[in-house]
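Fold and geometry: a report
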Amino acid sequence: QVQLVESGGGLVQAGGSLRLSCAASGSIFSINGMGWYRQAPGKQRELVATINSGGSTNYADSMKGRFTISRDNAKNTVYLQMDSLKPEDTAVYYCVADLRRRWFDSDSRYWGKGTLVTVSS
């Protein structure tokens, strides 16, 4: 079994900051990419940011300069520092990990259950 557990969501005023965390646990051989997606009410799920095992990052254009993704490989944990938050950032934020459970497996994508971020105006 593999679990991804997010934490750090909540209510914040516009212009404020939040830091999300996501820890992967269970039977894991290695983790390649980790990242965050979000889904706002009535909208499709969209990419926020990703980071590979070497630390290379990728951001959606609307998040560049405001959000920072990082990871601690020793803890199988990915973080998302969100600054200058806007009401339109309100969404459920989901953690993802592309990982192998055994050395001979190919990567499979696992999702967390999500954490709600609400930004008030």
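Here, the structure is the one placed above.
Notes on the structure follow.

What counts, and where the lines are drawn
Residues numbered from 1 in each chain as written. Predicted model: local features only at pLDDT ≥ 70, side-chain atom pairs only at ≥ 80, totals over all residues. Heavy atoms only, no water. Helix = DSSP H or I, 4+ residues; strand = E, 2+ residues; numbered from the N terminus. Rg over C-alpha atoms; globule rule 2.2 N^0.38 Å. Contact = heavy atoms within 4.5 Å. Areas by Shrake-Rupley, 256 points an atom, 1.4 Å probe, with all protein chains shown as cover. Lys, Arg positive; Asp, Glu negative; His and termini not counted. Charge placed at Lys NZ, Arg CZ, Asp CG, Glu CD. Pairing = 2+ DSSP bridges. Axes fitted to C-alpha atoms, helices over the stretch in contact; angles between N-to-C directions. Disulfide = S-S within 2.5 Å. Buried < 20%, exposed > 50% of the residue type's maximum accessible area, 1.4 Å probe, protein only. Core = buried A, V, L, I, M, F, W, Y, C linked by side-chain atoms within 4.5 Å.

Our focus in this paragraph is the overall build of the chain. Regarding its fold elements, the chain presents 0 helices and 11 strands. Along the chain direction, N to C, the helices and strands of the chain fall in the order β-β-β-β-β-β-β-β-β-β-β. A globule of 121 residues ought to have a C-alpha radius of gyration of about 14 Å, and the chain, at 14 Å, matches this closely. Expressed as lengths along the three principal axes of its C-alpha atoms, the size of the chain is roughly 50 × 25 × 25 Å. For the chain, the proportion of contacts with a sequence separation of at least 24, taken over those separated by at least 6, is 55%. Taken as a whole, the chain presents about 6500 Å² of accessible surface, with 46% of it coming from carbon and sulfur. Taking the average place of the 14 positive charges on the side chains of the chain and the average place of its 10 negative ones, the gap between the two points comes to 3 Å.

Read from one edge to the other, the open sheet built from 4 strands follows the order β1-β3-β8-β7, with strand pairing classed as antiparallel. Each having just a single partner strand, β1 (2-7) and β7 (67-72) make up the two edges of the open sheet. Between one strand and the next, the sheet's axes are offset by a mean angle of 15°, whatever the strand orientation. The pairing of β7 with strand β8 (residues 77-82) spans 6 bridges and is antiparallel.

A word on the state of the cysteines. Within this structure, the stated rule accounts for 1 disulfide. Disulfide pairing places C22 opposite C95 at an S-S distance of 2.1 Å. Disulfide C22 to C95: torsion about the S-S bond roughly -80°, handedness left-handed. You can see C22 sitting in strand β3 (residues 18-26) and its partner C95 sitting in strand β9 (residues 91-100), a full 73 residues away along the chain. The pair C22 / C95 is uniform in exposure class, with both members buried.

The next subject is the environment of S70. One can find S70 in strand β7. Contact partners of S70, with chain neighbours within four places excluded, come to I51, T77, V78 and Y79.

Moving on to the pairing of β7. Alternating residues of β7 divide into F67, I69 and R71, all buried, and T68, S70 and D72, none buried. Taking the residues that link successive antiparallel strands as the turn, the β7-β8 hairpin has 4 residues, and the phi of N76 there is positive, at about 50°.

So, about the nonpolar core. Grouped together as the largest cluster of nonpolar side chains are 31 residues, with contacts concentrated most on W36, L80, M82 and Y93. Secondary-structure elements contributing two or more residues to this core are β1, β3, β4 (30-39), β5 (46-51), β7, β8, β9 and β11 (115-120). Excluding residues within four positions of it along the chain, M82 makes contact with G16, S17, L18, L20, R66, F67, Y93 and V117.

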